[in-house]
Amino acid sequence: MLSELYSSDNCRVFYEHFSLLAAIFTTKGMLHLETFLELQKEEFIHILIESGILVEGKDQEDKGGDAELKRKFDGQSIMMTIANVGSFDHNYLTYVDFIDCLVRVAFIYPFPEAEKHNYHAMD
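Please read all numbers here as calculations on a predicted model, not as lab measurements.

Engineer: So what's going on with the overall build of the chain? Which residues, and what values?
Structural biologist: Within the chain, the secondary structure is distributed over eight helices and three strands. For the chain, the N- to C-terminal ordering of α and β elements is α-α-α-β-β-α-α-α-α-β-α. Across the 123 residues in the chain, those meeting the buried criterion constitute 30%. Accessible area for the chain stands at about 8,200 Å²; split by element, carbon and sulfur atoms hold 57% of it.

Written out as structure tokens, the structure reads:
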């Protein structure tokens, strides 16, 4: 996973979109111990829902598509995927952890089989 996180293509994408990613992290994060910003993992899941990446409940059924793939991509599976990522408190993410979680979510995202070859890079 670290090789994916630090690959030159991914770093370029993170560099190009730094302003947006930093703004999201800064807005949704909270000051921890009055020294640095951290983001709760539950808030990370909420960001995915707000952005339309994660569709929960009835909305998921309305979208149609491959039900088996969607069953594997829910809030619980994402929390299991990012379980080993965290700062001093396992339920919080620093900015680097936030980026790491984005890579992990992209890795398990259920792209349709016909479109998988188009999504080999982070852009």
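Engineer: Residues and numbers for the pairing of strand β2 (residues 36-40), please.
Structural biologist: Pairing geometry for strand β1 (residues 30-32) and β2, over three bridges, is antiparallel. The residue bridging Leu31 from the neighbouring strand is Leu37, located in β2. The antiparallel hairpin formed by β1 and β2 contains three residues in its connecting segment, where Leu33 sits at a positive phi of about 55°. Bridge count for β2 against strand β3 (residues 92-93) is two bridges, and the pairing is antiparallel. By the bridge assignment for β3, Gln40 is matched with Tyr92.

Engineer: Describe in detail the sheet that holds β3, supporting the description with residues and values.
Structural biologist: With antiparallel pairing, three strands are arranged side by side in an open sheet as β1-β2-β3. The strands lining the two open edges of the sheet, one partner per strand, are β1 and β3. In the packing of helix α3 (residues 18-28) onto the sheet, contacts are made with β1, β2 and β3, and the angle to β2 comes to roughly 85°.

Engineer: Residues and numbers for the nonpolar core, please.
Structural biologist: With 20 residues, the main nonpolar core has Leu39, Phe44, Ile78 and Phe98 as its most contacted residues. Listing elements by their share of this core, those giving two or more residues are α3, α4 (41-51) and α8 (95-108). No other element matches the six residues that α8 contributes to this core. With near-sequence residues (within four places) excluded, Phe44 lies in contact with Leu39, Ile78, Ile82, Leu93, Phe98, Cys101, Leu102 and Val105.

Engineer: Explain the side chain of Glu38 residue by residue, including any values.
Structural biologist: Relative to the helices and strands, Glu38 resides in strand β2. Setting aside residues up to four positions removed in sequence, Glu38 forms contacts with Phe25, Gly29, Met30, His32, Ser87, Phe88, Tyr92, Leu93 and Thr94.

Definitions and limits used
- Residues numbered from 1 in each chain as written.
- Predicted model: local features only at pLDDT ≥ 70, side-chain atom pairs only at ≥ 80, totals over all residues.
- Heavy atoms only, no water.
- Helix = DSSP H or I, 4+ residues; strand = E, 2+ residues; numbered from the N terminus.
- Buried < 20%, exposed > 50% of the residue type's maximum accessible area, 1.4 Å probe, protein only.
- Areas by Shrake-Rupley, 256 points an atom, 1.4 Å probe, with all protein chains shown as cover.
- Pairing = 2+ DSSP bridges.
- Contact = heavy atoms within 4.5 Å.
- Axes fitted to C-alpha atoms, helices over the stretch in contact; angles between N-to-C directions.
- Core = buried A, V, L, I, M, F, W, Y, C linked by side-chain atoms within 4.5 Å.

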